[in-house]
Amino acid sequence: MESATPVIVAIDGPSGTGKSSTSKAVAAQLGLSYLDTGAQYRAITWWMVTNGIDTADPFAIASAAGKPEIVSGTDPEKPAITVDGLDVAGPIREQDVTSKVSAVSAVPEVRARITELQRAIAGSAVTGIVVEGRDIGTTVLPDADLKVFLTASPEARAARRSGELEGADLHATREALVKRDAADSSRKTSPLAKADDAVEVDTTDLTLQQVIECVVTLVEEKRAGR
Ligand SMILES: Nc1ncnc2c1ncn2[C@@H]1O[C@H](COP(=O)(O)OP(=O)(O)O)[C@@H](O)[C@H]1O
Ligand SMILES: Nc1ccn([C@H]2C[C@H](O)[C@@H](COP(=O)(O)OP(=O)(O)O)O2)c(=O)n1
């Protein structure tokens, strides 16, 4: 399954559908790079919060959008993210950032900056890359070789997310998740959406291993058809 041209895979979908786990495993298995674009939006949000920018004020966010330097590692075995040289992999997952990331990532200046970064990273991946997010197939990499859109019921997604957080309340997790999906899907600039040519995979009743195998097969089929 050798391929001289880099293969570009876009994996989109709402929270808790398995994008990160699937993308990392597929990239590792196929020797591709990996990019978590949600981590980049979380990183810029973390910087805004840390620097006292009012995240409810789109103008304040827009004028600060160019300031932080965000660097993403692309090794699926050890994903890394720094802001101005500082490792923020832990802090970007905190509740305060999670509750503000939709507002920050809705600002067009933020999206333009992060999208440019994403395209540069994807363009320099030697063997290819798996990029996961919300608008990769529709906006960031519309010419991707393979586009996958993962879905799952809100119940399944909430159960998966609560499983990660000790003492998490299932109902509250579900509510927060549904609210963030609604915000991400309804923003004007580059909302969460399935590309017309994306393959939709409902992961509600699939194990993570089954989803990984499904995506690996789809990539191999694409490569074989080139
Ligand atoms: N098909 C699946 N079945 C059960 N659990 C899953 C499945 N896919 C992912 N998970 C688990 O659900 C959680 C959220 O998955 P993640 O990959 O972070 O989703 P996303 O990136 O879409 O938010 C993780 O703990 C992961 O191990
Ligand atoms: N391509 C992307 C990726 C993420 N975002 C925004 C919207 C999401 O709610 C946040 C966080 O994304 P992330 O993938 O880390 O979220 P979860 O892992 O699903 O909790 O970033 C985006 O606007 N566009």
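Quick caveat: nothing in here was measured; it's all calculated off a predicted structure. (Residues numbered from 1 in each chain as written. Chains lettered and ligands numbered in written order. Predicted model: local features only at pLDDT ≥ 70, side-chain atom pairs only at ≥ 80, totals over all residues. Heavy atoms only, no water.)

### Topic: the site of ligand 1
1) Next: The environment of ligand 1 is made up of 16 residues, and the closest members are Gly16, Lys19, Ser21, Arg161 and Glu164.
2) Next: Separating an oxygen atom of ligand 1 from a backbone N or O atom of Gly16 is a distance of 2.8 Å.
3) Next: Considering ligand 1 on its own, with 560 Å² of exposed area, one finds that the protein chains cover 78% of that surface.
4) Next: Of all the secondary-structure elements, those providing two or more residues to the shell around ligand 1 are helix H1 (19–30), helix H7 (154–164) and helix H9 (208–224).
5) Next: Partitioned by chemical class, the residues of the shell around ligand 1 number four nonpolar, eight polar and four charged. (Near = heavy atom within 4 Å. Polar contact = N/O pair within 3.5 Å; in protein donor to acceptor, adjacent residues only side chain to side chain. Areas by Shrake-Rupley, 256 points an atom, 1.4 Å probe, with all protein chains shown as cover. Helix = DSSP H or I, 4+ residues; strand = E, 2+ residues; numbered from the N terminus. Nonpolar A, V, L, I, M, F, W, Y, C, P; charged D, E, K, R; others polar.)

### Details of the pattern of salt bridges
1) Next: Under the defined criterion, the tally for this structure stands at 10 salt bridges.
2) Next: Across the pair Asp96 and Lys100 runs a salt bridge, and its minimum N-O distance is 2.8 Å. With Asp96 and Lys100 both in helix H4 (residues 95–105), this residue pair falls four residues apart, about one helical turn.
3) Next: With relative accessibility at 27%, the residue Lys100 sits in the partly exposed group.
4) Next: Among the salt bridges present, the one from Asp197 reaches Lys147, with a minimum N-O distance of 3.1 Å. Taken together, the residues span a long stretch of sequence, with Asp197 in the loop between helix H8 (170–186) and strand S8 (199–202) and Lys147 in strand S7 (residues 146–151) at a distance of 50 residues.
5) Next: Bridged by salt links that share partners, the residues Arg134, Asp184 and Arg187 form one connected network. (Salt bridge = Lys/Arg side-chain N within 4 Å of Asp/Glu carboxyl O. Buried < 20%, exposed > 50% of the residue type's maximum accessible area, 1.4 Å probe, protein only.)

### Quick notes on the site of ligand 2
1) Next: Around ligand 2, a shell composed of 18 residues is seen, among which Ser15, Arg42, Arg111, Arg180 and Asp184 lie nearest.
2) Next: In the environment of ligand 2, an oxygen atom lies 2.9 Å from a nitrogen or oxygen atom belonging to the side chain of Arg161.
3) Next: Take Arg180: an N or O atom from its side chain is 2.8 Å from an oxygen atom of ligand 2.
4) Next: Burial of ligand 2 by the protein amounts to 97% of the accessible area it has alone, namely 520 Å².
5) Next: Looking at the shell around ligand 2, the elements with two or more residues in it are helix H2 (37–50), H4 and H8.
6) Next: By residue number, the principal contributor to the shell around ligand 2 is H2, which donates four residues.
7) Next: When the residues that make up the shell around ligand 2 are grouped by side-chain class, the tally is two nonpolar, six polar and 10 charged.

### Here's the deal with H2
1) Next: The end-to-end C-alpha separation of H2 is 20 Å, in line with the 20 Å expected for 14 residues at 1.5 Å each.
2) Next: Burial analysis of H2 places 11 of its 14 residues in the buried class, which makes it a mostly covered element.
3) Next: Of all the positions in H2, only Thr37, Ala39, Gln40, Tyr41, Arg42, Ala43, Ile44, Thr45, Trp46, Trp47 and Met48 are classed as buried.
4) Next: A side-chain oxygen of the first residue of H2 lies 3.1 Å from the backbone nitrogen of Gly38; this N-cap is Asp36. (Expected span 1.5 Å × (residues − 1).)

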